[in-house]
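One letter stands for each residue in the lines below.
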Amino acid sequence: MLWNIPVPFENPYSVKQMKSLKLKDFTLFVIMAVLAGCGLIYEYLLSHYTGRVLGAVEAVIFAMIGVMIVSMGIGAFAARYIACPFTGFAWLELIIAILGGSGVLVIAGVFALTHTLPARIAETFGMPPDLAPMGGFIKALFGVTEIVPYVVGFVLGALIGAEIPLVARVREAMHGCRLTHNTGDIYGVDYIGAGFGAAIWVGFMLSLEPTLAASITAAANLCVGLVFFFLFFEQIKWRHFLLLAHVIVASLIITIGQYGPEWDAAMEDILYKDSVVYRLTTRYQQMVITERTIDPLQAPVMDFYINGRTQFSSRDEHIYHALLTYPAMAASARHEKILIVGGGDGLALRDVLRWSPKQVVLIDIDEDIIDFFKAPRIVEGIAINQRLLELNRHSLRDPRVKIIVGDAFKKVDHLLETMRVFDTIIVDLPDPSHPDLNKLYTARFYAKLSQLLAGDGAMAVQSTSPYHAKNAFLSIGKTLRHSGFSFVEQYHHNVPSFGEWGWTIGTKTGVGAKSRLAHLDVLPIDDGWTTKGKLKSVFEFGQGFFAGLPNIKVNRLGNSAVYQYHHQAWRREQGVYSRE
């Protein structure tokens, strides 16, 4: 067993002492396993939260993990300078619990303060909102703000890195000799504990509010620290002062667990222009609904955000969804069986149902989002999503709709296995700002959808902004053309909430969608917005817009071209330029 005590020649311990040592050894290994799980959860939590606030999810997650791993190595070296391993370890766990439990709030507070500072300065000095200071000191402050999460991760990682060397010294001091397999035993327990921590994060904590997840982890950290404290009570210095510190930190963690989500929400809410009326954290994303009254005689405008990015606004979503669905539906020979990929808000589905299909299959990964847009969400006796249900006309409850919850990249394989064929396919996904989304913009995924599409049907794809992310927009069109679609055309229009936006439409046989739409004598459906002239004009781009297309890459799983193009465009929007 791991806690066997090496005895070279004679056993200097009595039977009772041997049992006590084994019990302490076992307890120490349990403590180490729990702390390893806590350490991994801290790492994932900071990476996950920082990815949300900074936006570039993949790059931030990998950078944070890298920073914490390096700092753990530094912490392991620094542990040698701690004179008493017993006292040092007890204080170490107390400090880790403080920083681990409050780190998310520290990051949220810094971001809230920095991003509202320009508006506060403008308000103080009577400056117009569009002239709020954004350069010089303010710009530098924004740069510092983006470093703060990594500073928190570095400090926390260094503290975590000191745990294993201190535990190794504690074991040898406890046994009074050098243990042959000490390092291997501790690392073995550490890796196993980290594995359980990863499972707890994925299976349970991923859907919790970040501050709540942090406080739960910090509480576990503090509890095992207390077990260590009482296990080696006699060897620890400043015992009574340390015990009082544990009581204070425990009170702090309980307070964060109870009020932290409200504090975090309040700091995030001030980053939105409008009042936040509801928020929801799921396993996959964070949803926020805001509300603003523009005209007292009209219903307030509601905006829907995912991870801080606008998904739609109630005042102009009809423009976006009309252009997403109408060209593809009108260009298809039939409208009996429709496939929608994404669109868990039911708004694209609402427009598709106007065409009286016999069946619509909708695939979306987030069941919580679907439920929010499907049934009333009662808060204090009020259905806070009632207007959103009216906006999508309760489309998700239509008996013709079959909802499939899961990763579309895999779920379309099940449709292929059953030889399903659809007259029209609508792909309504968020922008490719994350590798998991990028795979749904690849040649492989589009080739799957091509097999599901009827020969005389059409497929439309949300294709980000041709103005702000031109290369990503062009790559989507080129990728679709590479994936079995003989005729691929792209179109665009201004959506006030987004700016200039773009879509891609593909057909497999006959003629392209643009030609099909041009031959329509009358519009098949009156959606209250679309006109024949509008359908014709959206396919027009400025002179030379497609001149750079030969240099644009086809998006594949291996190169993540669309993600890279989108990421570069997003950085340029922030004033960060890089050589491509």
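Small disclaimer: the values here were computed from a predicted structure and weren't measured.

Definitions and cut-offs
- Residues numbered from 1 in each chain as written.
- Predicted model: local features only at pLDDT ≥ 70, side-chain atom pairs only at ≥ 80, totals over all residues.
- Heavy atoms only, no water.
- Core = buried A, V, L, I, M, F, W, Y, C linked by side-chain atoms within 4.5 Å.
- Buried < 20%, exposed > 50% of the residue type's maximum accessible area, 1.4 Å probe, protein only.
- Helix = DSSP H or I, 4+ residues; strand = E, 2+ residues; numbered from the N terminus.
- Contact = heavy atoms within 4.5 Å.
- Phe/Tyr/Trp six-rings, centres within 6.5 Å; stacked < 30°, edge-to-face > 60°.
- Axes fitted to C-alpha atoms, helices over the stretch in contact; angles between N-to-C directions.
- Parallel < 35°, antiparallel > 145°, perpendicular 65-115°, else oblique.
- Left-handed = near helix turned anticlockwise from the far one by under 90°.
- Nonpolar A, V, L, I, M, F, W, Y, C, P; charged D, E, K, R; others polar.
- Pairing = 2+ DSSP bridges.
- Salt bridge = Lys/Arg side-chain N within 4 Å of Asp/Glu carboxyl O.
- Lys, Arg positive; Asp, Glu negative; His and termini not counted.
- Polar contact = N/O pair within 3.5 Å; in protein donor to acceptor, adjacent residues only side chain to side chain.

**Student:** Go over the nonpolar core with me, naming the residues and quoting the values.
**Tutor:** Within the largest apolar cluster, 61 residues are counted, with the highest numbers of intra-cluster contacts made by Leu156 and Phe228. Every element with two or more residues in this core is listed here: helix H1 (15-54), helix H2 (57-78), helix H3 (85-124), helix H4 (137-161), helix H5 (163-175), helix H6 (182-203), helix H7 (210-231) and helix H8 (239-269). Among the elements that make up this core, the one with the highest residue count is H1 (13 residues). For phenylalanine 228, the contacting residues outside a window of four places in its chain are Leu28, Ile31, Phe86, Phe89, Ala90, Val170 and Ile236.

**Student:** Explain the packing of aromatic side chains to me, using residue names and the numbers behind them.
**Tutor:** According to the stated counting rule, one finds 26 aromatic pairs in the structure shown. Between phenylalanine 304 and phenylalanine 312, the aromatic rings sit 5.2 Å apart at their centres with planes inclined by 45°, giving tilted as the arrangement. Residue phenylalanine 312 is classed as buried on the basis of its relative accessible area, which comes to 1%. When the ring of phenylalanine 372 is compared with that of phenylalanine 373, the centres are 5.4 Å apart and the planes differ by 80°; the resulting orientation is edge-to-face. Across this residue pair, the class does not change: phenylalanine 372 and phenylalanine 373 are buried. Through successive ring pairs, a cluster of aromatic residues spans Tyr320, Tyr491, Phe498, Trp501, Trp503 and Phe539.

**Student:** Lay out the packing of H5 against H6 in plain terms, naming residues and giving numbers.
**Tutor:** Contact geometry for H5 and H6: axes closest at 10 Å, N-to-C directions at 130°. By the angle between their axes, H5 is oblique relative to H6. Two packed elements cross with a definite hand, and for H5 against H6 that hand is right-handed. Residues Ile164, Val167, Ala168, Arg171 and Glu172 of H5 lie in contact with H6, whose contacting residues are Asn182, Asp185, Ile186, Tyr187 and Asp190. Residue classes in the contact of H5 with H6 are distributed as 5 nonpolar, 1 polar and 4 charged.

**Student:** Please give an account of the packing of helix H13 (residues 408-417) against helix H15 (residues 443-452) that cites residues and values.
**Tutor:** Two elements in contact, H13 and H15, have axes separated by 10 Å at closest approach and are oriented at 30°. Comparing their axes, H15 and H13 come out roughly parallel. The hand of the H13/H15 crossing is left-handed. In this structure, H13 contributes Ala408, Phe409, Val412, Asp413, Leu415 and Leu416 to the contact, and H15 contributes Arg444, Phe445, Lys448, Leu449, Gln451 and Leu452.

**Student:** Lay out the sheet that holds strand S3 (residues 301-306) in plain terms, naming residues and giving numbers.
**Tutor:** A sheet is described by the order of its strands in space; here 4 strands give the open sequence S1-S2-S3-S4, paired in antiparallel fashion. Strands with a single pairing partner mark the edges of an open sheet, and in this sheet they are strand S1 (275-281) and strand S4 (309-313). The mean inter-strand angle of the sheet, taken between neighbouring strand axes irrespective of direction, is 25°. The sheet contact formed by S3 and S4 spans 4 bridges and is antiparallel.

**Student:** If you had to explain the pattern of salt bridges to someone new, which residues and values would you point to?
**Tutor:** Tallied over the full model, the rule gives 11 salt bridges. Taking the shortest distance from any N to any O, the salt bridge between aspartate 456 and arginine 334 comes out at 2.8 Å. Here aspartate 456 is found in strand S11 (residues 453-462), whereas its partner arginine 334 is found in the loop between helix H9 (317-331) and strand S5 (337-342), with 122 residues between them in sequence. With relative accessibility at 36%, the residue arginine 334 sits in the partly exposed group. With a closest N to O distance of 3.0 Å, arginine 400 and aspartate 398 form a salt bridge. The exposure class of arginine 400 is partly exposed, given its relative accessible area of 28%.

**Student:** Please give an account of the sheet that holds S11 that cites residues and values.
**Tutor:** Across the sheet, which stays open at both edges, the 7 strands sit in the order S9-S6-S5-S10-S11-S13-S12 with mixed pairing between neighbours. Each having just a single partner strand, strand S9 (401-405) and strand S12 (487-495) make up the two edges of the open sheet. Within this sheet the neighbouring strands show an average axis-to-axis angle of 15°, counted without direction. Pairing geometry for strand S6 (residues 359-364) and S9, over 5 bridges, is parallel. Looking across to S9, one finds that isoleucine 363 is bridged to isoleucine 404. The sheet contacts of H13 involve S5, S6, S9 and strand S10 (422-428), and relative to S6 the element is tilted by about 145°. Sheet strands in contact with H15 are S5, S10 and S11, and its direction is about 140° off that of S11.

**Student:** Describe the side chain of glutamate 209, with residues and values.
**Tutor:** Position of glutamate 209 among the secondary structure elements: in the loop between H6 and H7. Here glutamate 209 sits buried without a salt bridge, and the closest side chain of opposite charge, arginine 279, lies 5.7 Å off (N-O distance). In this structure the side chain of glutamate 209 is engaged in a polar contact, spanning 3.4 Å, whose partner is the side chain of threonine 281.

**Student:** Explain unusual backbone geometry to me, and be specific about the residues and the numbers.
**Tutor:** In the Ramachandran plot, glutamate 380 falls in the positive-phi region, its phi being about 55° despite a non-glycine side chain. Judged by its relative accessible area of 78%, glutamate 380 is exposed. The phi torsion at methionine 419 lies on the positive side, around 60°, for a residue other than glycine. Topologically, methionine 419 is positioned in the loop between H13 and S10. Judged by its relative accessible area of 69%, methionine 419 is exposed.

**Student:** Tell me about the environment of valine 379, and name the residues and values.
**Tutor:** Along the polypeptide, valine 379 turns up in strand S7 (residues 378-379). Here the alpha-carbon distance between valine 379 and tyrosine 278, two residues 101 residues apart in the chain, equals 9.5 Å. Those residues within four positions of valine 379 in sequence are excluded, and the remaining contacts are Tyr278 and Ile384.

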